[in-house]
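So you can see what is in the structure, the chains are spelled out below.
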Amino acid sequence: MICLEDIHVTFNEGTPLETRAVRGISLSISKGEFVTVIGSNGSGKSTLLNTLSGEVFPSYGSITIGDIDVTRWSVAQRAKLIARVFQDPLAGSCENLTIEENMALAWYRGQKTGFAAALNDTNREVFKKQLARLGLGLENRLRDKMGLLSGGQRQAISLLMSALQPAKILLLDEHTAALDPKTAAFVLDLTCQIIDENKLTALMVTHSMQQALEVGTRTIMLHEGKIVFDVQGEERAGLTVVDLLDLFKKNQEGEELSDDSLLLG
Amino acid sequence: MSTIAALGALESGLVFALVAFGVFMSFRILEFPDLTVDGSFPLGAAVSAILIVSGVNPWLATFAAFFAGTLAGMVTAFMNTKLGILNLLASILTMIALYSVNLRIMGKPNIALLGETTVLTSTESWGVPYYVATPIAFSVVVLVVFFFLLKFLNSQKGLAMRATGANARMASAQGINTDRMIILGMAISNGLVGLAGSLFAQSQGSADITMGVGVIVIGLASVIGGEAIISPKTMFLALLGCVVGSILYRFAIALALNADFIGLKAQDLNLITAVLVAFAIVAPKFKANISSRISRGKNR
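Residues numbered from 1 in each chain as written. Chains lettered and ligands numbered in written order. Predicted model: local features only at pLDDT ≥ 70, side-chain atom pairs only at ≥ 80, totals over all residues. Heavy atoms only, no water.

## Regarding the interface of chain B and chain A
Then, number 1: Listed as interface residues are 20 residues of chain B and, on the opposing side, 31 residues of chain A.
Then, number 2: Summing both sides of the interface, chain B and chain A together bury roughly 2,100 Å²; the carbon and sulfur share of this comes to 60%.
Then, number 3: Three residues stand out in chain B for area buried against chain A, namely Gln156, Arg169 and Gln174 of chain B, and they jointly supply 32% of the buried area on that side.
Then, number 4: Our count for the chain B to chain A interface comes out at two salt bridges.
Then, number 5: Linking Arg169 of chain B and Glu55 of chain A is a salt bridge whose minimum nitrogen-to-oxygen distance equals 2.8 Å.
Then, number 6: For the interface between chain B and chain A, the tally reads twelve residue pairs in polar contact (both at pLDDT 80 or more).
Then, number 7: Listing elements by their share of the side of chain B that touches chain A, those giving two or more residues are helix H6 (156-166) and helix H7 (168-173) of chain B.
Then, number 8: For the side of chain B that touches chain A, the leading source of residues is H6 of chain B, giving seven residues. (Contact = heavy atoms within 4.5 Å. Buried area = accessible area lost by both parts, 1.4 Å probe. Salt bridge = Lys/Arg side-chain N within 4 Å of Asp/Glu carboxyl O. Polar contact = N/O pair within 3.5 Å; in protein donor to acceptor, adjacent residues only side chain to side chain. Helix = DSSP H or I, 4+ residues; strand = E, 2+ residues; numbered from the N terminus.)

This is how it looks when you write it as structure tokens:
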């Protein structure tokens, strides 16, 4: 489904500020897999996600989705294959547009658009039905501006939006990190439902080891731009956070993981 | 203020409503600070004037002015999106370049249109004086543009354009080609300004190289003033605000110049404009301040 081959990403190449964010990642994800990605700050997990979405082009390596080489495709071109939910709840929607207008944008994701009215009875009906499942009463506020909603509400709508068009891949970039614990749990639950219903192949970056093990079918950990371990199936089923730390230590020849936020999350 | 002065204010208010639409498209929809309009307004005037004195059908000449405006907007948008020049700077470069282009088009700094057949000539058969007929004709134009712009902004493409201005990162994640949207939006914006320049020249009886100076400020004054009066909750209200703002602006200017006791003269026009714009920007804050004080007073 998704195949990354020897991806290297270097920022500010050839200058004193040169940063090698990703140093040779090869990863193959089959259809229907839900991969959780963990790693400390600067480990390259966000860069990896941005490389998949097309915001960052790799300096070396290739990306194929299905059988198509998309390495040089722009973000807009990849939108018909990839849906995305951002870490910042404000980034995934337009606050000056209404709820229904935001959802209409996602409704036409990757489609040919024309000069017909963007909103009609058909899609409004779908938006209402989708919003109703959140149980937040948003189905009666279709014409409210997105900016009036809380971060959690906006994130929940972003998730609904990602499923309005049949995308193949869902990218989640620490999308619960900016939310309070209760809302985060609600959004995470919704995420799993949507992935399940639409049989999506998903990649979720998270800061929390706990979360990384709780959901999904496979977990990979990045460190200094490389994959340090990759667990799935039975091997992953019984793992705890402590086991993950041991696994990290073993793979890094005794180096201790020093990022507290990873352990506390 | 005499009736003729009032109708004159209405007439230029209607022409500048088209400019306000254009400025609304760039500044508000695309969040693109665009000064190209100072060049595309006289460009529209120059193109239609030279075509009219050469004997071309005035309707065709007016359409050519719109088309020339769209090209000017596309040049600015191209410099910004494809060459990576800062939006404000790109627009200033086009504006400066257009000064030379306009002189080249006209061949001289001024072309008189008195006695030529313009789109307003046909209004003579209506049997009303020109100062009544022209505002009526311009209202029709504004109404037609209003209708199409409203349809467009609520269409699939229009929504994509609004998303491009509001949140470009989100827009591209939804598959919208933001560069293309900026080019299209800037073309429409400056096309409308070119059309306004053409109509202005035809109603004033001449095209002049300096007629573009300060057009952007008048357009902004209309947009911001309109927003202060009508809060732009929907696209319909936002466009209505542009028209109302533009006409009220002209009336405010006419009143200020006609009120003898203040002692203002025609040369004070730009000063009045600047004061009005500053006032329109500050006014909503005052309004919010006062209403919050009143409600606090009630709670006590």
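## Focus on the side chain of Thr178 of chain B
Residues and elements named next belong to chain B.
Then, number 1: Counting through the fold element by element, Thr178 comes out in helix H8 (residues 178-204).
Then, number 2: Taking the relative accessible area as the measure of exposure, Thr178 reaches 16% and is therefore buried.
Then, number 3: Sequence-distant contacts of Thr178, defined by excluding residues within four places in its chain, comprise Thr164, Ala168, Ala171 and Ser172. (Buried < 20%, exposed > 50% of the residue type's maximum accessible area, 1.4 Å probe, protein only.)

## Focus: the packing of helix H3 (residues 99-107) of chain A against helix H4 (residues 121-132) of chain A
Residues and elements named next belong to chain A.
Then, number 1: At a minimum axis distance of 10 Å, the contact between H3 and H4 shows a crossing angle of 105 degrees. Relative to H4, the element H3 is oriented roughly perpendicular. Of H4, the residues touching H3 (which contributes Ile99, Glu100, Met103, Ala104 and Trp107) are Asn123, Arg124, Val126, Phe127, Gln130 and Leu131. (Axes fitted to C-alpha atoms, helices over the stretch in contact; angles between N-to-C directions. Parallel < 35°, antiparallel > 145°, perpendicular 65-115°, else oblique.)

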